[in-house]
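# Summary of the model geometry
Spelled out, the chains give:
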Amino acid sequence: MLFLLIITAAFVTSIAGDSCESYAHPTYGRTGRCIKTSDCPNSLFISNLCESQPANIKCCFSPSAPTLNCPSIVSRSEWGARAAKSTTGMAKSLPYVVIHHTTGGTCAAKSACIVKMKGFQNYHMDSNGWVDIGYSFLVGEDGNIYEGRGWTYVGAHTYGYNSQSIGISVIGDYMSQKPNSAALNSVKALIECGISRGYISSTYTLRGHRDLDSTSCPGNAFYNEIKTWTNYRSLVRSNMSPQFNVPEDYLVMQDM
Ligand SMILES: [Zn+2]
């Protein structure tokens, strides 16, 4: 009987043995299929993952894969984040996205943005006494998205809304001019990514920080920009109310 199981296992392995089917491509998607490259939409294929197939068969990643909608994100380890002192798990399918600016200078290169990221985290942890950098994500005018608390942990950015929203902050001061197109496009792409992965509800409401607390954040120019975005909802239409589910919901965010 054991011998039969081994034979069966070996047989199954030989059928499903190409690396393609278990390879999680960081950008293209999590599952590939071994097909002709000419049949692969958008040429999203890579070589050497269909070991048992002829040379013209390559590992094709479906454009419908959920991760396809996601831009690359500079991870905490990439920007050298300190470990969080503690974390609180976030619900999925969140109803709100809250937009911030950090105030202060902008950054147009990754190395400069990383310096700022470390500064924000140090300020939030050492001066404010928070467990981690406050925002869920930050976006630089270099076009990069930097991971803060990420999708899965409650942030500290908007009093009464932390446990029901993703907080995205663009690095810089946007009172008199809005962020550049690289940053704006990355904010939009990040929101779409969150929807495609189920972290943000497809019927989410977009707000600026100033809609929910007494602050000028995210600056007049940036605020006027997001008010033109499809999911922005005025106070009259949104029916939002604060909730205090976790300790972070009580934290009052002062954008630096
Ligand atoms: Zn803010």
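My aim in this report is to walk through the structure given alongside it, one point at a time. (Residues numbered from 1 in each chain as written. Predicted model: local features only at pLDDT ≥ 70, side-chain atom pairs only at ≥ 80, totals over all residues. Heavy atoms only, no water.)

## Topic: the state of the cysteines
Following the criterion strictly, the structure yields four disulfides and no others. Here Cys20 engages in a disulfide with Cys59; their sulfurs sit 2.0 Å apart. Torsion about the S-S bond of the Cys20 and Cys59 cystine: about 80°, corresponding to right-handed handedness. Here Cys20, found in the loop between helix H1 (2-15) and strand S1 (32-36), pairs with Cys59, found in strand S3 (residues 57-61); they are 39 residues apart in sequence, far enough to count as distant. The side chain of Cys70 participates in a disulfide bridge whose partner is Cys193; the two sulfur atoms lie 2.1 Å from each other. In this structure, the disulfide formed by Cys70 and Cys193 twists by about 90° around the S-S bond and is classed as right-handed. Here Cys193 lies in helix H4 (residues 181-196) and Cys70 lies in the loop between S3 and strand S4 (73-74), a separation of 123 residues in the sequence. (Disulfide = S-S within 2.5 Å. Helix = DSSP H or I, 4+ residues; strand = E, 2+ residues; numbered from the N terminus.)

## Examining the nonpolar core
Counting residues in each nonpolar core, the largest one holds 30 residues, and the members touching the most others are Ile168 and Leu206. When residues of this core are traced back to their parent elements, those giving at least two are strand S5 (94-101), strand S6 (137-139), strand S8 (165-170), H4, strand S9 (200-208) and helix H5 (220-226). Apart from the residues within four sequence positions on either side, Leu206 is in contact with Val97, Ile99, Ile191, Ile226, Trp229, Asn231, Tyr232 and Arg233. (Core = buried A, V, L, I, M, F, W, Y, C linked by side-chain atoms within 4.5 Å. Buried < 20%, exposed > 50% of the residue type's maximum accessible area, 1.4 Å probe, protein only. Contact = heavy atoms within 4.5 Å.)

## Digging into H4
For H4, built from 16 residues, the straight-helix expectation of 22 Å at 1.5 Å per residue is met to within 8% by its first-to-last C-alpha distance of 22 Å. Among the residues of H4, those classed as buried are Ala183, Leu184, Ser186, Val187, Leu190, Ile191, Cys193 and Gly194. The positive-phi residue at the C-terminal boundary of H4 is Gly198, with phi of around 85°. (Expected span 1.5 Å × (residues − 1).)

## Points about the environment of Val139
Within the secondary structure, Val139 is located in strand S6. Every residue in contact with Val139, bar those within four places of it in the chain, is listed here: Asn144, Ile145, Ile168, Ser169, Val170, Ile171, Ala183, Ser186 and Val187.

## As for the sheet that holds S3
Taken in spatial order, the three strands make up an open sheet running S1-S3-S2, and their pairing is antiparallel. A single partner strand is all that each edge strand has here, and the edge strands are S1 and strand S2 (45-46). As paired elements, S2 and S3 share two bridges and run antiparallel to each other. By the bridge assignment, Ile46 is partnered in S3 with Cys59. (Pairing = 2+ DSSP bridges.)

## Some words on the pattern of salt bridges
Inspection of the entire model under this criterion finds five salt bridges. Linking Arg82 and Asp126 is a salt bridge whose minimum nitrogen-to-oxygen distance equals 3.1 Å. Of this pair, Arg82 sits in the loop between helix H2 (76-79) and S5 while Asp126 sits in helix H3 (residues 110-127); the two residues are 44 residues apart in sequence, bridging distant segments of the chain. When its relative accessible area of 31% is taken as the criterion, Arg82 is described as partly exposed. (Salt bridge = Lys/Arg side-chain N within 4 Å of Asp/Glu carboxyl O.)

## Details of the sheet that holds strand S7 (residues 145-147)
With mixed pairing, the six strands of this open sheet are ordered in space as S4-S7-S6-S8-S5-S9. Of all the strands in the sheet, just S4 and S9 have a single pairing partner and so form its edges. Contacting S4, S6 and S7, H3 crosses the sheet at an angle of about 35° to S7. (Axes fitted to C-alpha atoms, helices over the stretch in contact; angles between N-to-C directions.)

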